[in-house]
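Single-letter residue listing:
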Amino acid sequence: MSSQFEKFFHNVSVVCPYGLPNLAVYRQARFGTLPDFIMEFFLDSGYRRNGDFLYNMACVDCHACVPIRLEANRVILNRNQRRVK
């Protein structure tokens, strides 16, 4: 499925947001609303979402950043987190 969307993605190089001495390469695309099953596919494949942008890191010879997904209903908040919730 990702090959169907490949034409929408482009690389953007920036200073590494994790403070490493490399250029970070964001492989990103801007989408409007995507069907849930397509968004789920991308998120399960390691992509991240920020607003309308869907992206993953495509840095050459670096894999220091690892995307994670938390299941909100399984997170146990501590006292301080519950207070600001």
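Our structure is the block above this text.
The model shown is predicted, which means the values in this text are computed figures rather than measured ones. (Residues numbered from 1 in each chain as written. Predicted model: local features only at pLDDT ≥ 70, side-chain atom pairs only at ≥ 80, totals over all residues. Heavy atoms only, no water.)

Colleague: Just to check I follow, could you spell out the overall build of the chain for this structure?
Modeller: Looking only at helices and strands, the chain features 3 helices and 4 strands. Tracing the chain from N to C terminus, the helices and strands come up as α-β-β-α-β-β-α. The C-alpha atoms of the chain give 16 Å as radius of gyration, which overshoots the globular expectation for 85 residues (12 Å, by more than 25%). With the C-alpha coordinates of the chain rotated into their principal frame, the extents come out at 45 × 35 × 20 Å. Looking at the 85 residues of the chain, the share that counts as buried comes to 27%. Carbon and sulfur atoms make up 52% of the accessible area of the chain, which amounts to about 6900 Å² in all. Charge-centre separation for the chain: the mean point of 11 positive side chains lies 12 Å from the mean point of 7 negative side chains. (Helix = DSSP H or I, 4+ residues; strand = E, 2+ residues; numbered from the N terminus. Rg over C-alpha atoms; globule rule 2.2 N^0.38 Å. Buried < 20%, exposed > 50% of the residue type's maximum accessible area, 1.4 Å probe, protein only. Areas by Shrake-Rupley, 256 points an atom, 1.4 Å probe, with all protein chains shown as cover. Lys, Arg positive; Asp, Glu negative; His and termini not counted. Charge placed at Lys NZ, Arg CZ, Asp CG, Glu CD.)

Colleague: Help me out: how do you make sense of the nonpolar core in this one?
Modeller: Most often, soluble globular proteins have nonpolar side chains that are buried together. Counting residues in hydrophobic clusters, the biggest one holds 10 residues: F5, F9, A29, F31, L34, I38, M39, F42, Y47 and L54. Looking at which element gives the most residues to this core, the answer is helix α2 (residues 36-44), with 3 residues. Within the second largest apolar cluster, 8 residues are counted, among which are C16, A24, Y26 and C59. (Core = buried A, V, L, I, M, F, W, Y, C linked by side-chain atoms within 4.5 Å.)

Colleague: Please clarify how a nonpolar patch on the surface should be interpreted in this entry.
Modeller: A contiguous nonpolar surface patch, about 440 Å² in accessible area, is contributed by V66, I68, L70 and V75. With respect to the secondary-structure elements, V66 resides in the loop between β4 (53-57) and α3 (79-84). By relative accessible area, which is 61% here, V66 ends up exposed. (Patch = residues over 30% accessible without salt bridge, like charges linked within 9 Å, V, L, I, M, F, W, Y side chains within 5 Å. Salt bridge = Lys/Arg side-chain N within 4 Å of Asp/Glu carboxyl O.)

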